[in-house]
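Observations on the three-dimensional arrangement
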Amino acid sequence: MMTLAQRANEPDYLALIDVFEACFFDSYRTRLVAGTDEPYYQPGADGEPHQIVFAHGFFSSALHEIAHWCIAGEARRQQFDYGYWYEPDGRTPEQQRLFEQVEVKPQAIEWLFCVCSGRKFQVSVDNLNALESGAEIDRNAFTENVRAQFNAYVANGWPQRAAQFAAALANHYGQPWPVQAQPAVVAKHNQGDLL
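What counts and how
Residues numbered from 1 in each chain as written. Predicted model: local features only at pLDDT ≥ 70, side-chain atom pairs only at ≥ 80, totals over all residues. Heavy atoms only, no water. Helix = DSSP H or I, 4+ residues; strand = E, 2+ residues; numbered from the N terminus. Phe/Tyr/Trp six-rings, centres within 6.5 Å; stacked < 30°, edge-to-face > 60°. Buried < 20%, exposed > 50% of the residue type's maximum accessible area, 1.4 Å probe, protein only. Lys NZ or Arg CZ within 6 Å of the ring centre and 35° of its normal.

So, on to unusual backbone geometry. The backbone of D81 sits at a positive phi, close to 50°, despite the residue not being glycine. Within the element layout of this structure, D81 appears in the loop between α3 (59-71) and α4 (93-116). Residues other than glycine seldom take positive phi values, yet Y82 does so here, at roughly 65°. Looking at the element boundaries, Y82 is found in the loop between α3 and α4.

This is the structure:
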C-alpha cells in the first residue's frame, strides 16, 4: 500500500498505470497509456498489446476509459474504440439521450473506481455546447440513473474486471470496498456525499 508521502510525490496517473498493468497485462495484454488529446481504445496488431489511451494525463479520464474497457466484450475489444459511435460536443437532444443511455454503466463503474481511489465522482454529460444544439441537459436525472445502476451493481455484482480493478485500487489507496458487506460506506455513497 502506498504511503501518503509517496502518493504526494507521484503523478496521479502513474499509479493507475501500474495498478492496471498488474491486474490485466498478463491476462489481457492491455496497457493503460497517457495520451495527449482525445481518449480512445486501440486493439493491438501484430503482437502489440492493446492500449487504453486516456486524455491529457487526467486521472478521471483514465478511470472512465478503464470503465468502458471493463464492460467491453471480447468482440468489442478487437475494434478501435470498441466499435462505438461517438458524437462530439453539440449533440442534438436525441443524440444526447442515446449518449446518456450508453454512458450509465461505464459511469457507474467509474463511480466505483472513484470511491476505491478516494476521489470524488461527478457524472459527465459531455455536451458543453448543448444549448447551441437545442439539447436540454438534466444532470440531476442522469446522476440518478447512474446512481441506480451503481446500486444495481452493488445488489447484483460488478462486472468481473471492474471488481478486480476496483479491489486493486482500494488496496493501493487504502480505501474500504463499497459493497453490501460494508453498508455504511454504501449508504454514505448513495446519499451523494461523494458527488
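The rest of the description comes next.
Turning next to the packing of aromatic side chains. Applying the stated criterion to the full structure yields 17 aromatic pairs. With 5.3 Å between their ring centres and 85° between their planes, Y28 and W69 make a pair best called edge-to-face. On the criterion of sequence distance, the pair formed by Y28 in helix α2 (residues 12-28) and W69 in helix α3 is long-range, its members being 41 residues apart. The class of Y28 is partly exposed, set by a relative accessible area of 25%. Three or more aromatic residues joined by ring pairs form one cluster here, namely F20, F24, Y28, W69, F113 and F165. When the ring centre of F25 is taken as reference, the NZ or CZ atom of R31 above it lies at 4.1 Å. Lying across the ring of W69, R161 places its NZ or CZ 4.7 Å from the centre.

By themselves, these observations are geometric and do not establish any function.
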